[in-house]
Structure formats: C-alpha cells, structure tokens
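Structural features, examined
For reference, the chains in residue letters:
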Amino acid sequence: MARNPLKDQVAVVGVGSTAYGRDQQRSLLSLGVEAALKAMADAGIDRRGIDGICGSGMSPLAVGNAGFLSVQGALGIEKVTWGKNGWLGSAFVFAVEAVFSGLCDTCLVVQSYRREVNMSRSAARDPFRLRASRFGETGGMGGRDFARRWLHSGEPYAAWMKRYMHDYGVGKDAFGLMAVNNRSHGARNPDAVIQRAITLDDYHASRMVWEPMQMLDMDIPVDGAEAFVITTAERARDLRQKPVTVHAMSLGGTRVGEFYENTLPWTENAFWVAMEGLWARSDLTRTDVDLFYPYDGYTIDAVAVVEAAGFCKPGEAGDYFRDCWDRRENILRLNGGRTLVTTGGGGLAHGRSGGSNLYAEAVRQLRGSQGERQARHADSALITIGSMYHDPSAVLLRAGERR
Amino acid sequence: MRDVVPFSPPAEVDFDAGTRPYWEALREGALSIQRCAHCHAFRTPPSRYCPHCRSTEDEWPRLSGRARLYTYTIVALDRRDAEGPVYVAGLACPEEAPDTKVFCNIVDCTLDQIVIDMPLELVATEAGTDAARFRPAPATAQGGR
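Small disclaimer: the values here were computed from a predicted structure and weren't measured.

What counts and what doesn't
Residues numbered from 1 in each chain as written. Chains lettered and ligands numbered in written order. Predicted model: local features only at pLDDT ≥ 70, side-chain atom pairs only at ≥ 80, totals over all residues. UniProt positions renumbered as here; feature names shortened; annotations may be inferred. Helix = DSSP H or I, 4+ residues; strand = E, 2+ residues; numbered from the N terminus. Pairing = 2+ DSSP bridges. Contact = placed C-beta atoms within 7 Å. Axes fitted to C-alpha atoms, helices over the stretch in contact; angles between N-to-C directions. Buried ≥ 20, exposed ≤ 12 C-beta atoms within 10 Å, placed from the backbone. Arc of directions from axis to C-beta. Expected span 1.5 Å × (residues − 1). Domains from an automatic or database assignment.

A closer look at the UniProt feature "domain: Thiolase C-terminal" (unreviewed entry) in chain A
Per the UniProt entry, the sites bearing "domain: Thiolase C-terminal" (unreviewed entry) are residues 267-395 of chain A in this numbering. A helix fraction of 33% and a strand fraction of 17% characterise residues 267-395 of chain A, whose end C-alpha atoms lie 20 Å from each other.

If you want it as structure tokens, here you go:
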C-alpha cells in the first residue's frame, strides 16, 4: 500500500452545471461564472466562503477565459490563499490537494469548455468562435507536435485504435459497445445534447473520420461548464448537502510526456500508471465500485481505462463487454450487474466537457438526487479522466461522511 | 480503390535549433534522429535532455531510412467524399532505433498494401515537406524489429 493521508478527509459539497448546447454564443468565462454561482448556491455558501480557486485552461497564465484570476475577478471574491489552473480530471485533484494541505479551506473548481474552431467545419465558420479562439489559451494539445501533421488529436488516437486491434486480433466492438452504452444513458438524460440511443449497427455504419476511428467514437463538442465546491470533511458536516467524500486519488504520468509520437506500449500508458496509483491508496477494490466513469473523449480512452482499472485483461474489453451486456436496456453492467458505466451519457452523449460532467454526475448519483435516473447502488464511484498520453486522474468518491 | 496521396504542402515548417538537423536531413533525402552523444540512446521527438542519462550532448547520425510501420490512420482529404483520395499518417520505427517512433507519411502504395509491421523505406522528399515520407520496402529488405 502507498500512503493515503487524505483518505476521507475532503468532501464535495457543491456542484453546479450550465446547460450544454451546440451554440450558446457565450464566452468561457460567462459559462464558468454561471456554473460557479450554481455550485456555491448548491453548497449554501456565498463568495466570502471561498478561499481557493482552480480554473480551467492549459495556460499557466491565470487570466483570460476561465482562468482562476478571471473567475475570481468576475465573482468578486476578495481574497484567496490558493489558485491554479487545471484541465481534464486534474483540476478536481488539484483542488482536493489544496484543501487537504491547508492552503485553502473551501475551493471552487471551474471547468468551462466550448465547441472550438478546430472541432468541426461549422465551428470554424462561426465568427464568434473564431474570435474567441484568438483570446487566451484554453487547452488543446498543449503545444504543437514536433512533426506537426497530426492535424487533430484524433489522428494519433485513431492510429492507436489500429495498433490495439492488430495486437489483440480484435475488431471494434469494444469501442462500439462503449458508444452504445453511453448513448443509451444519454437517452435518459434530459440535459444531454444527444438523446437518441444507437445500436451497434449504427456505430459501425457511422461516418469514418480517421480510419479506423468513426464519428461515433468521438465526444460531442459543446459549450458548457461545470463547477464544484470542495472543502474539508469536517466543515462539510455544517453544510446543507449530503457530502461526497474523496476516498483516494492518483494522477498518472510517464516519461514520454505529452508527445503523441513516442508512445509507450498499451499497458504502460498513463492510464495504467494512474489506476495502479489509485488502487495502491484505496481501501476499496474494483469489485466495490458501484458507478464507473471512464473518460470518453474518444472511445479508445474509455476502453483503455476499463482495462487499466483491471475489469478485464488487456485486449479483452470487447468480449468482456458482451459478457456484461444488458440486452434489455442496451447498457453495460459490471461486477455481476451492480455497476453502471457513465450514467448521464458522458462526453459521447451529454457533451464534451473534459470529463468534468463525469464528476458532476458521480457527485449527484452519490447524493442519491438523480430522481428517475438514480442508480440503485450508489455508494462509491470511480472516475478516471484524461489521456493515454498525458495527465490522467483517477478518483474514488464515496457517498456520505466516512469516519 | 481510393488513391493514396502525399500530405498536401504545409503552410509552414517551424525550424528551431532543436529540430533543424531532422528537417535538413529530410531535405537531403535522409532520415536523421537525435541520439545522445553520451549514452548513445536514440530519442524522438528531439529534446534538450537525454531521458536516460540527462546529457545535453547530442548527435544526429544519418540512418539507413529503413523502418517498420508501427501503426497508422487513413484520412480523407475531403471527408464528404467517401471515394476520394486519402493520405496515410503513421508512426515508423527506424531500423537502427526500433524503440523510437517517427511520425511519417506513407506514400507510393495502394491502400491494400499497408499493414502494421510492414517494412518501409524512406522516400526522398522535395523541399518544404513537413514529415518523413516512407513507402513499402521490397520484401527482401529488413524493416526494423
């Protein structure tokens, strides 16, 4: 076991989401501020109760878009003793670290995403998006590739799908069934941008983009934001919401850094590092997980997370998914039927938000507040977000206070 | 079958001190990647410090140009044209440095010739190209590991 002094010491006490939409014509800051205000209202605190902010964006600059200084200014928060930018799953992890360490007591996490000009032809034609794209840095690939013909991050992921299929002698059913699962959940989520379920045949018939990657392997670019309020488990007792406690976390990094060329073998990529780090710090094991949220920016990410988490052996996700398939609901049910995967629909159906909507959905499910969509078993949730190449996070959340 | 075409001419290639030898070799029809002058480990993409021994001394040997195709993706020039030409982007492992992967463009072949682990050989490229171009090597050639 690795050390885990932060076990059950920090809690999520507020969550706020904007609507997701293909074309909201709003800035990242506007979306982020709306989500932040909703999260603070949900937690029952006002801006005077916030003393740390984790904003979104890859840029080390704190200003611009929804960077932490911009968020602080827009919300009129007088003083914070900690601030940082993050993205994907790491923003949440940074905030928990800051609260646990004592650099702040109550931290706001704000993650804003937009349908960017590099995501589709129609987005590239939109003057609003074009202008917005020139204002500040907000993510993307984090610097241009050395040999810069990977025009889009999808190309190296497509090449990795190809190598996975070659190495394990499999087709694309693992990717397809993950897409079907998420779209089935999206069809039950009134907030999802795409609420139409699909079949595996629909998946295979979808438009080829970067062979072998198809349209339905990719998340849906949208404008939207999520925010969270994170504080100590002790302080959470005095707040209005049932707390969701952070049980264990890990990030994952490998020596190849963020470059897409010199990737390590499949079972040595960064998801494996993050999952190994998480299990070494957790009292719970894979079979204790009630709700599982593997990042689905591309379906190959989600398949990698499933395998890295140890649900099946490398290369066997397709067979495993068939064994776990609920034919009536067209969804995955892991751990003997108890564990649902990506309720809410994730990036493939609800919309692309760098995985922040996976955290939001997990928190609401663990509170038991999802109404008709509420999962029967919702005591623990595993959320693994990021990229095979860089900064994945693995987080295990539990319902209620843990003493 | 859909035609395989080279990458379209690039808008620009950014040279800097760290990557110049790679581009210069390509313009002279050769493949060169960075090797640590201290521990002699190859690495891609170029970096200041050797990840194995942290030396900053490097060298850029000219390689044979023979390689193995690690993986690839097929991309339509016009996504709305399902029958139109495509380009193939891939990762090649040079024979002399089989643990490194060089981003590349596969040319001079038909789509059905392209398979993972196939032997490749470097194709001389005109000035201004922005990636190493490879084509399938004759079956007798040894393509990396």
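Having put the structure on the table, let's press on.
Quick look at the sheet that holds strand S3 (residues 58-59) of chain B
Residue and element names in this part refer to chain B. Taken together, three strands build an open sheet; the order of strands is S2-S1-S3 and the sheet is antiparallel. What marks the edges here is a single partner per strand, and that holds for strand S2 (42-43) and S3. Across two bridges, the pairing between strand S1 (residues 34-36) and S2 is antiparallel. Residue arginine 35 lies in a different strand from S2, and its bridge partner there is phenylalanine 42.

Comments concerning the sheet that holds strand S11 (residues 331-334) of chain A
All names here are of chain A. Taken in spatial order, the 12 strands of this open sheet run S3-S2-S4-S7-S1-S8-S14-S13-S9-S12-S11-S10, and their pairing is mixed. Strand pairing shows two members of the sheet lacking a second neighbour, strand S3 (82-86) and strand S10 (325-326), which therefore form its edges. As paired strands, strand S4 (residues 106-113) and strand S7 (residues 224-232) are joined by eight bridges and run antiparallel to one another. Looking at S7, one finds that cysteine 107 is bridged to isoleucine 230. In this fold helix H14 (residues 356-367) packs onto strand S1 (10-17), S4, S7, strand S8 (244-251), strand S9 (291-294), strand S13 (380-385) and strand S14 (393-399), with an angle of close to 180° to the strand it touches most, S13.

Let's talk about helix H1 (residues 20-27) of chain B
All names here are of chain B. Those residues of H1 that fall on the buried side of the exposure criterion are Tyr22, Ala25 and Leu26. On an axial view of H1, the arc spanned by its buried residues comes to 100°, and they lie on one face. Just past H1, the residue glycine 29 takes up positive phi, approximately 85°.

Details of helix H7 (residues 173-187) of chain A
With 15 residues, H7(A) should reach 21 Å at 1.5 Å per residue; the first-to-last C-alpha distance of 20 Å fits that figure. Across the 15 residues that make up H7(A), a large majority, 13, are buried.

Details of the UniProt feature "domain: ChsH2 C-terminal OB-fold" (unreviewed entry) in chain B
If you check UniProt for "domain: ChsH2 C-terminal OB-fold" (unreviewed entry), the listed places come out as residues 60-123 of chain B in our numbering. Along residues 60-123 of chain B the backbone is 0% helical and 47% strand, and the end-to-end C-alpha distance reaches 19 Å.

Topic: the domain arrangement of chain A
Residues and elements named next belong to chain A. Domain boundaries in chain A define domain 1 (10-133) and domain 2 (154-221 + 246-399). Spacing between the C-alpha centres of domain 1 and domain 2 amounts to 23 Å. Per-element tally for the side of domain 1 that touches domain 2: the top contributor is S1, with five residues.

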